[in-house]
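# Examining the three-dimensional arrangement
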Amino acid sequence: MDSDEQASMQPFRGNPNQDRPPRILILGGTSEASRLAARLAGRTDLITISSLAGRLSQPTRPAGIVRIGGFGGVTGLTWYLLKEKINVVIDATHPFATRISSNAEMACKITNVPLISFERRPWKPLEQDRWLHAPDMQAAASLVNHQHRRVFLSIGRQELGAFSDCEDAWFLIRAIDEPQCPLPPRSKLILERGPFTLDHELNLLRTESIGYVVSKNSGGAATYSKIEASRILGIPIVMIDRPLKHTTPTVAHLDEVLLRVEEFLEAES
Ligand code: NAP
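A short tour of the structure in this document, coming up. (Residues numbered from 1 in each chain as written. Predicted model: local features only at pLDDT ≥ 70, side-chain atom pairs only at ≥ 80, totals over all residues. Heavy atoms only, no water.)

### Here we look at the site of the ligand
Around the ligand sit 23 residues, and of these G28, S51, F71, R99 and K216 come closest. Within the contact set of the ligand, an oxygen atom lies 3.3 Å away from a backbone nitrogen or oxygen of T98. Taking I100, its main chain carries an N or O atom lying 2.9 Å from an oxygen atom of the ligand. If the ligand stood free it would expose 800 Å²; the protein chains cover 83% of that surface. Top contributing element to the shell around the ligand by residue count: helix 4 (residues 98-111), with 4 residues. Among the residues making up the shell around the ligand, the classes are represented as 6 nonpolar, 13 polar and 4 charged. (Near = heavy atom within 4 Å. Polar contact = N/O pair within 3.5 Å; in protein donor to acceptor, adjacent residues only side chain to side chain. Areas by Shrake-Rupley, 256 points an atom, 1.4 Å probe, with all protein chains shown as cover. Helix = DSSP H or I, 4+ residues; strand = E, 2+ residues; numbered from the N terminus. Nonpolar A, V, L, I, M, F, W, Y, C, P; charged D, E, K, R; others polar.)

### Overview of the side chain of S225
Of note, S225 is situated in helix 7 (residues 225-233). Those residues in contact with S225, other than ones at most four positions away along the chain, are F196, T197, L198 and E201. (Contact = heavy atoms within 4.5 Å.)

### Digging into the sheet that holds strand 3 (residues 65-68)
The pairing of strands in a sheet happens through backbone hydrogen bonds and is either parallel or antiparallel. Sheet architecture is open: 6 strands sit in the order 3-2-1-4-5-12, paired in parallel fashion. Of all the strands in the sheet, the pair left with one neighbour each is strand 3 and strand 12 (250-251). This element, helix 8 (residues 254-268), spans strand 1 (23-27), strand 4 (88-91), strand 5 (115-118) and strand 12 of the sheet and lies at about 180° to strand 5. (Pairing = 2+ DSSP bridges. Axes fitted to C-alpha atoms, helices over the stretch in contact; angles between N-to-C directions.)

Right, dumping it as structure tokens:
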């Protein structure tokens, strides 16, 4: 970054584009982000841009303007916020997407753009649930490998590498797109996109004689049926605890996010 660019990245105050509609950036890739975009994109007094990482071959496009691909770290995102004259950033990324959230926190601090962190609450175990907590994927891998059982990996495809060397267990792996890393030697891959019904999950766990489920504590309704199905069948779940994403307080409800947006925009006008 040259000195002119650095000078233009100084924090600013007030609406940077007072004669134009305020511009909202949603960092997305989740069903919450899509619901939020659907609510905001219909408004003529705002411009809403949704940002996707571009991981999926056929992403579900949110309503309104969509941009796809990384920004280029904190510097790239900072630059983007200034160039696009963004008034408010809403981080609605997945609870396990840590890098983009910490980049957003940093870029918003640098540019003085308000940040709203929209994050669904984590699931909590019910009395009948049999959860084993794992701090990360590696810990989950060694835990299930030593059980010598049939294990359902419902963790997406990005962190499957942690299980590549697990030779003692058999794995049923579910992902939306083909994984890029080596899979465990004893495994079966199914490519499917949720949400899944409870019947679907019950049928899958029964048919494949699953003895353990590995899941991130993603929260939300879209993938909760596997938790319910495991409960009904008495299958233990190795639950990966949520990582620390950033220090910004989070908002869990869409209506509260919309309220916060209004507050920020009113404060700027
Ligand atoms: P991550 O580790 O936090 O981010 C890695 C890099 O991907 C970021 O540094 C950024 O690149 C880019 N990126 C991530 N989200 C982006 C977005 N919404 N728009 C533009 N660039 C983005 O994220 P991840 O875990 O790989 O997840 C990627 C996306 O998938 C996220 O948007 C997330 O909401 C969604 N997702 C993740 C999970 C999960 O379990 N991790 C599950 C469901 C959906 P630059 O540094 O170049 O800007």
